[in-house]
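# What the coordinates show
Each chain is listed here by its residues.
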Amino acid sequence: LNEADWAAAPASSAFVNTMNGSRGDVRANVKMLWDDQAVYFGFDVADDFLHATGSERDAHLWEQDCVEIMADPDGDGTNYFELQVAPTGQVFDTHYDTRRQPQPFGHADWNAQIETRVSTRGTPNDDAADEGYTVEIRIPWASFRHGDGPLLVAPAVDANWRFNFYVMDARPDGGQRTAGWSP
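Quick caveat, the model's predicted, so the values are computed rather than measured. (Residues numbered from 1 in each chain as written. Predicted model: local features only at pLDDT ≥ 70, side-chain atom pairs only at ≥ 80, totals over all residues. Heavy atoms only, no water.)

## A word on the sheet that holds strand β1 (residues 28-34)
Pairing is antiparallel across the open sheet formed by 4 strands, whose spatial order is β1-β2-β7-β6. At either margin of the open sheet sits one strand with a lone partner, and together these are β1 and β6 (115-121). For this sheet, the mean angle separating the axes of adjacent strands, direction not counted, is 10 degrees. Bridge count between β6 and strand β7 (residues 132-140): 7 bridges; the pairing is antiparallel. By the bridge assignment, Glu-115 is partnered in β7 with Arg-138. (Pairing = 2+ DSSP bridges. Helix = DSSP H or I, 4+ residues; strand = E, 2+ residues; numbered from the N terminus. Axes fitted to C-alpha atoms, helices over the stretch in contact; angles between N-to-C directions.)

Shown next as structure tokens:
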């Protein structure tokens, strides 16, 4: 995240506890940029225990360490997208018609054509202490479509899309912490 564009992009506020909005237990922030072709996200996560063992696409990344993007292009709470990336570079992407429908994991056969770059400060899945990781994500605007719906293009300058961002953090004792950009 050191390139000039990323350096100039403002970082989000610190992530918070998703239940009550208090300061989150996980230190993380995200930056967001876009152009006519795609939207870009840059996460920076402090994590002293990197744990992500999922090895195939659409593994249940939320059960261990990952960052997550929730995107609702028209802000109506329906037809929204969920995308996750683990510190090992594994990807989970799905979209839902309505809140958590269809069950169990939405349209997991959907592919966001997501491109990722991950850099770790430590080694995932070993016993040594770690420091964290960064994730850069590129998603083409055309990916934000449902079924055979129209291809999307970059939003107009005055358009509003709803996003939220999360980080899941596996702990050495088998527990997990989570934090989000907003509760």
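So, next bit.
## Thoughts on the pattern of salt bridges
The full count for this structure, using the stated rule, is 8 salt bridges. Between Arg-171 and Asp-48 there is a salt bridge, and its shortest N-O distance comes to 2.8 Å. Of this pair, Arg-171 sits in the loop between β8 (162-170) and β9 (176-180) while Asp-48 is found in the loop between β2 (38-46) and β3 (66-72), placing the two residues 123 residues apart along the sequence. Judged by its relative accessible area of 43%, Asp-48 falls in the partly exposed class. The salt bridge involving Arg-138 is made with Glu-115; its shortest N-O contact spans 3.4 Å. Separated by 23 residues along the polypeptide, Arg-138 in strand β7 and Glu-115 in strand β6 bring together distant segments of the chain. Using a relative accessible area of 39% as the deciding quantity, one classes Glu-115 as partly exposed. Through salt bridges with shared partners, one network takes in Asp-47, Asp-48, Asp-169, Arg-171 and Arg-177. (Salt bridge = Lys/Arg side-chain N within 4 Å of Asp/Glu carboxyl O. Buried < 20%, exposed > 50% of the residue type's maximum accessible area, 1.4 Å probe, protein only.)

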